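# Structure at a glance
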Amino acid sequence: MLHLLGVNLPDQKLVQYALPLFYGIGQKTALKVLASLSIHKSCKIADLSDTQINQLSSLLSDMTIESDLRKEIRANIMHHRSIGSYVGRRHAMGLPVRGQNTKNNAMTARRLNGRWLKAEKREYSSSARSVIPEANSPFDNFFNRKWF
Amino acid sequence: MAHRAAFQMTPLLNRSSMTLTSRVRAMVPAQYANYVTASAVVYAGGKARKAAPKVKQQSNSFRRKKAEDEDKSEGGSGGAARLNEKYYKPPTPVKVEEFIPSSATKENVGKVLGFPTNVIPALSQTAYPTLLSEQFDLIKPAALVVRESTVNLLEKIDASMKTPSSQTRLVLTGDSGSGKSAMLLQTVSHCLSAGWAVIYIPRASTWMNSSYAYNTVPQSTSFVQPLLASTLVGQIHNVNKSVLSKLVTSEKAKVGRHDVEKGTSLSALLEVGVKDQFAAQDVMEVFMKEMGAQKEIPTLIAVDEINSFFRPTQYLRQDGKEMDPEHLKLPKLFLNYISGKSSLNNGAVVAATSDSLMINKSEVLEVALGTKVVSPYKSLSQTIMPWATGLTAVQVPNYTREEAKGVFDYYKKGNIIFDAASEPLFLNKFITSNGNPRKFFTACAKGI
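The rules behind these values
- Starting from 1, residues in each chain are numbered consecutively following that chain's sequence as written.
- Key to labels: chains lettered from A, ligands numbered from 1, both in the order written.
- Residues qualify for local features only when their pLDDT is at least 70, as the model is predicted, and side-chain atom pairs are given and counted only at 80 or more; totals for whole chains, interfaces and linings, by contrast, use all residues.
- Side-chain metrics in this entry use all non-hydrogen atoms of the structure; hydrogen atoms and water are not considered.
- Burial classes: relative accessible area under 20% of the type maximum marks a residue as buried, over 50% as exposed, and values in between as partly exposed (1.4 Å probe, protein chains only).
- Helix numbering and strand numbering both begin at the N terminus, where a helix is a DSSP run of H or I of at least 4 residues and a strand a DSSP run of E of at least 2.
- Two strands form a pair only when DSSP identifies at least two bridges running between them.
- The predictor rates its confidence in each residue with pLDDT, a number between 0 and 100.
- Residues count as neighbours in contact if any of their non-hydrogen atoms are within 4.5 Å of one another.
- Contacts described as polar in this section are N or O atom pairs within 3.5 Å, which, within protein, must combine one atom able to donate a hydrogen with one able to accept it, while residues neighboring in sequence count only if both atoms come from side chains.
- To define axes, lines are fitted to C-alpha atoms, for helices over the stretch in contact only, and angles between the resulting N-to-C directions are given on a 0 to 180 degree scale.
- Crossing handedness follows the turn of the near helix against the far one: under a right angle anticlockwise gives a left-handed crossing, and clockwise gives a right-handed one.
- When residues are grouped by polarity, Ala, Val, Leu, Ile, Met, Phe, Trp, Tyr, Cys and Pro land in nonpolar, Asp, Glu, Lys and Arg in charged, and all others, Gly among them, in polar.
- Each pair of aromatic rings taken from Phe, Tyr and Trp, with Trp reduced to its six-membered ring, is defined by centres within 6.5 Å and is described as stacked if the planes are under 30 degrees apart, edge-to-face if over 60, and tilted in the remaining cases.
- Buried area is calculated as the accessible area (1.4 Å probe) missing from two parts once they are joined, with the contributions of both summed.
- A pair is scored as a salt bridge if a Lys or Arg side-chain nitrogen falls within 4 Å of a carboxyl oxygen belonging to Asp or Glu.
- Summarising the geometry, the arc corresponds to the directions from the helix axis toward the C-beta atoms.

## Let's talk about the pairing of strand β9 (residues 299-304) of chain B
Residue and element names in this part refer to chain B.
- In terms of burial, β9 is a largely internal element, 6 of the 6 residues being buried.
- Neither face of β9 is left uncovered, since the one carrying Thr299, Ile301 and Val303 and the one carrying Leu300, Ala302 and Asp304 both have all their residues buried.
- Note that strand β4 (residues 197-201) and β9 share 5 bridges and pair parallel. Opposite Ala197, over in β9, you have Thr299 as the bridge partner.

## So, the confidence of the model for chain A
- When pLDDT is averaged along chain A, the result is 87; 86% of the residues meet or exceed 70.
- For the stretch residues 127-131 of chain A, pLDDT sits under 50, and the model shows 2 contacts to residues farther than four places along the chain or on other chains.

## A look at the side chain of Asp304 of chain B
Residues and elements named next belong to chain B.
- Position of Asp304 relative to the elements: it lies in strand β9.
- Within the local environment of Asp304, its side chain forms a polar contact with the side chain of Ser181, the two groups lying 2.7 Å apart.
- Among residues more than four places away in sequence, those in contact with Asp304 are Pro129, Ser181, Leu184, Tyr200, Ile201, Pro202, Arg203, Ala204, Ala352 and Thr353.

## Here we look at the sheet that holds strand β11 (residues 392-395) of chain B
Residue and element names in this part refer to chain B.
- As summarised here, the arrangement of the 5 strands in space is β4-β9-β10-β3-β11, forming an open sheet in which the pairing is parallel. One side of each edge strand has no neighbouring strand; the edge strands of this open sheet are β4 and β11. The average angle at which neighbouring strand axes cross in this sheet is 20 degrees, direction not considered.
- Sitting on the sheet, helix α7 (residues 148-159) touches β3 (169-173), β10 (347-352) and β11, and the angle it makes with β3 is about 170 degrees.

## Regarding the packing of helix α6 (residues 130-138) of chain B against helix α18 (residues 437-446) of chain B
Residue and element names in this part refer to chain B.
- Direction vectors running N to C along α6 and α18 enclose 35 degrees, while the axes themselves pass 12 Å from each other. As for the relative orientation of α6 and α18, their crossing is left-handed in sense. Here Leu131, Glu134, Gln135 and Leu138 of α6 come into contact with α18, specifically with Arg438, Phe441, Ala445 and Lys446.
- When grouped by side-chain class, the residues that make up the contact of α6 with α18 number 4 nonpolar, 1 polar and 3 charged.

## What about the packing of aromatic side chains?
Residue and element names in this part refer to chain B.
- Counted by the stated rule, this structure contains 15 aromatic pairs over all chains.
- Both rings, one in Tyr410 and one in Tyr411, keep their centres 6.2 Å apart while their planes meet at 40 degrees; by these two values the pair is tilted.
- Accessibility expressed as a relative area gives 8% for Tyr410, which makes it buried.
- Seen from their ring centres, Tyr411 and Phe441 are 5.7 Å apart, and the 65 degrees between their planes marks the pair as edge-to-face.

## Regarding the environment of Ser381 of chain B
All names here are of chain B.
- Its location among the elements puts Ser381 in the loop between α15 (363-369) and β11.
- Look at Ser381 and you get partly exposed, because its relative accessible area is 28%.
- With 110 residues separating them along the chain, Ser381 and Glu271 place their C-alpha atoms 38 Å apart.
- Of note is the side chain of Ser381, whose polar atom sits 3.0 Å from the side chain of Thr383.

## What about the interface of chain A and chain B?
- In this assembly, 19 residues from chain A lie in contact with 19 residues from chain B.
- Surface buried jointly by chain A and chain B totals about 1,300 Å² across both partners, of which 52% is contributed by carbon and sulfur atoms.
- Broken down residue by residue, the surface that chain A buries against chain B is led by Ser38, His40 and Lys41 of chain A, which jointly contribute 38%.
- The interface formed by chain A and chain B contains 0 salt bridges.
- At the junction of chain A with chain B, the criterion picks out 3 residue pairs in polar contact (both at pLDDT 80 or more).
- Elements that contribute at least two residues to the side of chain A that touches chain B include exactly α2 (27-37) and α3 (50-62) of chain A.
- In terms of residue count, the dominant contributor to the side of chain A that touches chain B is α2 of chain A (5 residues).
- Looking at the side of chain A that touches chain B residue by residue, the classes come out as 11 nonpolar, 5 polar and 3 charged.

## A few points about helix α12 (residues 266-275) of chain B
Residues and elements named next belong to chain B.
- Among the residues of α12, those classed as buried are Leu266, Ser267, Leu269, Leu270 and Gly273. Buried residues of α12, seen end-on, are gathered within an arc of 160 degrees and therefore sit on one face of the element.
- In this structure, the buried residues of α12 make contact with α10 (226-239), α11 (241-244), β8 (258-260) and α13 (280-293).

As structure tokens, this is what we get:
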């Protein structure tokens, strides 16, 4: 079991199919990594030499994967929310973002959208950096109320 | 480092006193002994943890599984792999004469002759072609029928004994299952009996399908496959032991980190490549140069699945694209001899195409040999095309009536024919299979 950058890679797995276990690496990037390090496709994790493991870890640490990638994605969605755009509002409401119909068939969006914002809320709930705009300010409360 | 020492020096105790893991470690081949693998590093960490004192286990009513149980269960699972004697008859050994060089004549066409006893250990160094080995498992001993095309081919080979290899570069072509690999095996056996030095590669596709490790060669676009080169050097050494002990190197050479003096025997040279896989590529190149320069012993280069040499390999270059065989040093070495760029003073190159895997098909080779005609607008790889010039195609036909009868009698003696053997049955099988050797075999042995 090779422990690399926070992920456990099982020894008997082919390197080609073990690399996608990293968040942010899929089939194509795995092959690109193999090609740049001259690792043959039927190489198992147990067959990697020390130098190859070092090269692999340095190559992977240069890429945005795992927590770096998750931060980036979260930051992108937070940006939409903070500027008050349509995209941000849809993420917050957990509805389709890209103009899909919601009369029927919005199940994936309802299930998955908004999880980045919830994670953000959980993470920064206790920090002073929380800049999630709430519609609770006195100005909003005055103008959003139905007076007549 | 203590853990590294334990890794290599496992004493040879009897089976029951060694744990499964220590037996596995003891079976690691010599080439890997110097490798520090990921699992060894992690194992060292695990060992450090194990050195800490264990908590005393409470006694349980269940008997805990110990190392001895592991051994017993292993033996049981091995036994189940043997064929059930109730349903499988053991093969009846058939008496066949030996296939010696003098028996390759027109009178012997249709006779099934076995491999000579001095050739069989050499042939077992490399595996038999995959589908042929199924036949050889069913009937013992391994034997092949002498065909008219075999006799013609062997006449050409005998004639090429004194000529350079660039003049005799043959490629056996034909339908799927028509006997190309079998004919190549007969050529190899013939040359081994006749005292040639033989380099036999039964499955060239394994060289190109990314199953062996490869390393970049600094300051060049080539790649080297150390383990593959070392395995090949070992095979050549074991197959041609008697022949190579007579030959010596003609000049000083540097192979990897070792220096080879002038006058060392070629067997000793090959042993350097077997022990150090990173010197094996240089050993191969020096060896081929020496074999090409000397004139006493002719050399046969026999390659099966030659089509994998003429299409992109499954190895990836640094930029992610598939690379051609010419960028791998060992295939390039053989491509030089196959294309005639390099030549052995005395010898021949015989190759056989294979239809076994679609992924290995090479249109370039088929067009170059003239067995296939494509549209002039079809773009064929211009980097691979030049390697396929000057090859002579030898068409391998299906069985003639006479050859098929000889084979049928052999199957009858070996007791593998599914239905009751008779003349009408032979006619039936021969006609329905159209004389195709593989289909004839499956028709007789499996009743399909």
